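# Summary of structural features
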Amino acid sequence: MEGTEGRSGPASSVIADWSLAFWTLCAVILPVLITLWCSFQRSRRQVLIRDIFRKSKHDWHYTDLFGQPSYCCVCAQHVLQGAFCNCCGLRICERCLKKADQLFLCKEIMMRGEGGAPSSMPHHWIRGNVPLCSCCVVCKQQCGTQPKLCDYRCVWCQETVHDECMMDCLKTEECTFGEFRDLIIPPYYLSTINQMRKEKRTSYEKVVPYCSKHWMPVIILANTRSGNNMGETLLGEFKILLNPVQVFDLSKITPGKALQLCSLLPPNAARVLVCGGDGTVGWVLDAIDEMKIKGQEHHIPQVAILPLGTGNDLSNTLGWGAGYAGEVPVEQILRNVMEADGVRLDRWKVQVTNKGYYNLRKPKVFTMNNYFSVGPDALMALNFHAHREKTPSLFSSRIINKAVYFFYGTKDCLVQECKDLNKKVELELDGERIELPNLEGIIVLNIGYWGGGCRLWEGMGDEPYPLARHDDGLLEVVGVHGSFHCAQIQVKLANPVRLGQAHTVRLILKSSKMPMQVDGEPWAQGPCTVTITHKTRALMLYHSGEQTDDDASSTSEQDHVREQTDEDL
């Protein structure tokens, strides 16, 4: 018996050890397997969702959290996360996504029916998730006040109506396109134009609303990579209010292709809203110049700006502000575009010819809208550009961008890399050589603002100098003593060294390599000759909204510009 007990003791301990090892292994492996299974299911679900998005006629986007209380338009359940359509505003839970794609039509950019009226279309009603503070068009009471899927909204005119106020006549009533009817390209218009093009007819002026006196269709060109990445949100908001065919993402299509829509619109009636920085505006203006070369000068649009970049000096000059951070509703932006006045903007050709007897390279040619400079501000832009190319993810905020500029400006105050510029360059204004004082930088201005909101030519405003204008065919040329002098000018503690005004500017860099920039695009340049001459004029839109102290001083100037533009047009 004692032998048997002796043998059973070790056996039971081995079984206990194996049991402990087994359950320990299960405790480790089971969570890993569950995690892997969940990850597999999640990735599979995402593939299915992407497949639905790809095949759908809706512009679906997925969100982990809706910005306001939302209800699924299919099952009417309250949802925190799910998909929403950027065009018609549908909100759907994940389970109902496939069903919603079959039940609901999105905004149609062109009418499909052949028997409908050629100059009208009915409302397109979507139930639920109406905008906050919207009122019923029937009883004038607030809509969307109940915590459930309720009330209707037209995706075109944005009118809302209570469930109990919805009548059969409203379902078939002609849609007026609401407040922004003069900016919207109706689907029936594009259908009629498309049919006329097939029949090779060009009498577009008989098409409604082509013949409307106040129709000024707007085209939205948004650069989703500009500034603090607000372009994606703006694209969705504009698609809700306008025809989606009018809204373009410049990261997916070039301005030249997007602006071909202007050829289907009335001559000299289209307006373009560029959402981006000054570089994006220059890109669009270059595409408009190409339209002139193609013989489409009668379809040239007027350009407004929604500033999303860092500097935004051109936007500031034209009254659209120094930067947009979502503080103004999109509806107000469209009102501003409707009310804006036409002005002209000089555009200049900058030709950089390298020195040397055996130089066979073609001269570099740039188009300038804002300013050209050589010296400390170009050096700051060059350092900033090099840093952003290395780590672009760090430069998603306007505040961070300006902090980096401040760092490089402070560094240059100590190092003074551009000193004795007056000994390295020669400056000619309209063929007359200018004797230069001791300078570190030269700036050639086309517009009133420079350096993110400073009126450089006027300086402190304590001396009687004429205001800088952007349509007079003249360039203002100033000098600066260094980065610290630039900072003093920006806070109105100093004036620039005014060198003169001219129709043609010629700058000769005799020796060494110096930083240069055209409209914020910097590069390091060796000995060369820079020649700036007038190229063309662009049609812009000026917004006379709230004015700063600096803006008030140029009100009379802008009034004169608008009067002159009206006479030219």
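As the structure is a computational prediction, the values presented were derived from the model and not from experiment. (Residues numbered from 1 in each chain as written. Predicted model: local features only at pLDDT ≥ 70, side-chain atom pairs only at ≥ 80, totals over all residues. Heavy atoms only, no water.)

We now examine the side chain of Asp519. Mapped onto the elements of the fold, Asp519 is located in the loop between β24 (514-518) and β25 (521-525). With no salt bridge to any partner, buried Asp519 finds its closest opposite charge in Arg347, at an N-O distance of 6.7 Å. Side-chain polar atoms of Asp519 contact the backbone nitrogen of Asn370, separated by 2.8 Å. Ignoring anything within four residues of it in the chain, the contact list for Asp519 reads Thr367, Met368, Asn369, Asn370 and Tyr371. (Helix = DSSP H or I, 4+ residues; strand = E, 2+ residues; numbered from the N terminus. Buried < 20%, exposed > 50% of the residue type's maximum accessible area, 1.4 Å probe, protein only. Lys, Arg positive; Asp, Glu negative; His and termini not counted. Salt bridge = Lys/Arg side-chain N within 4 Å of Asp/Glu carboxyl O. Polar contact = N/O pair within 3.5 Å; in protein donor to acceptor, adjacent residues only side chain to side chain. Contact = heavy atoms within 4.5 Å.)

As a further point, take the sheet that holds strand β5 (residues 91-92). The strand order β1-β4-β5 describes an open sheet built from three strands, whose pairing is antiparallel. The sheet terminates laterally at β1 (60-63) and β5, the two strands that pair on one side only. Of the pairings in the sheet, the one linking β1 to strand β4 (residues 82-85) comprises four bridges and is antiparallel in character. By the bridge assignment, Thr63 is partnered in β4 with Gly82. (Pairing = 2+ DSSP bridges.)

The next point concerns the packing of aromatic side chains. Two aromatic rings are characterised by how far apart their centres lie and by the angle between their planes. The final tally for this structure, using the stated rule, is five aromatic pairs. Following the ring pairs from residue to residue traces out a cluster consisting of Trp156, Phe177 and Tyr188. (Phe/Tyr/Trp six-rings, centres within 6.5 Å; stacked < 30°, edge-to-face > 60°.)

This part is about a nonpolar patch on the surface. A surface patch of nonpolar side chains, about 540 Å² in accessible area, is lined by Leu25, Val28, Ile29, Val32, Leu33 and Leu36. Note on placement: Val28 falls in helix α1 (residues 2-55). You can call Val28 exposed: its relative accessible area is 52%. (Patch = residues over 30% accessible without salt bridge, like charges linked within 9 Å, V, L, I, M, F, W, Y side chains within 5 Å. Areas by Shrake-Rupley, 256 points an atom, 1.4 Å probe, with all protein chains shown as cover.)

Tallied over the entire structure, the rule returns 13 salt bridges. Put simply, Lys55 and Asp51 hold a salt bridge, and the shortest N to O gap is 3.4 Å. Highlighted residues: Lys55 and Asp51, both in helix α1, separated by four residues, approximately one helical turn. Taking relative accessible area as the criterion, Lys55 reaches 60% and is therefore assigned exposed. Looking at Asp51, the relative accessible area reads 27%, which means it is partly exposed.

The subject of this paragraph is the sheet that holds strand β6 (residues 125-127). Ordered in space as β6-β7-β8, the three strands form an open sheet in which the pairing is antiparallel. Looking at the sheet topology across the chains shown, the edges are occupied by β6 and β8 (160-161). Judged from the two bridges that link them, strand β7 (residues 152-154) and β8 form a sheet pairing that is antiparallel. Opposite Arg153, over in β8, you have Thr160 as the bridge partner.

Take the nonpolar core next. Within the largest apolar cluster, 101 residues are counted, with the highest numbers of intra-cluster contacts made by Tyr189, Leu221, Phe238, Leu242, Leu259, Leu273 and Met540. In terms of residue count, helix α7 (residues 278-293) provides more of this core than any other element does, six residues in total. In this structure, Leu221 is in contact with Phe248, Leu250, Ala258, Leu259, Val272, Leu273, Val274, Cys275 and Val284, ignoring residues within four places of it in sequence. (Core = buried A, V, L, I, M, F, W, Y, C linked by side-chain atoms within 4.5 Å.)

As a further point, take the pairing of strand β16 (residues 425-429). Among the five residues in β16, five count as buried, and that is most of the element. Burial along β16 is two-sided: the residues Val425, Leu427 and Leu429 and Glu426 and Glu428 are all buried. Strand direction decides the pairing type here: β16 and strand β23 (residues 505-509), joined by five bridges, are antiparallel. Along β23, the bridge assignment pairs Glu428 with Arg506. Pairing of β16 with strand β17 (residues 432-434) involves three bridges; the strand directions are antiparallel. Paired with Glu428 across the two strands is Arg433, which belongs to β17.

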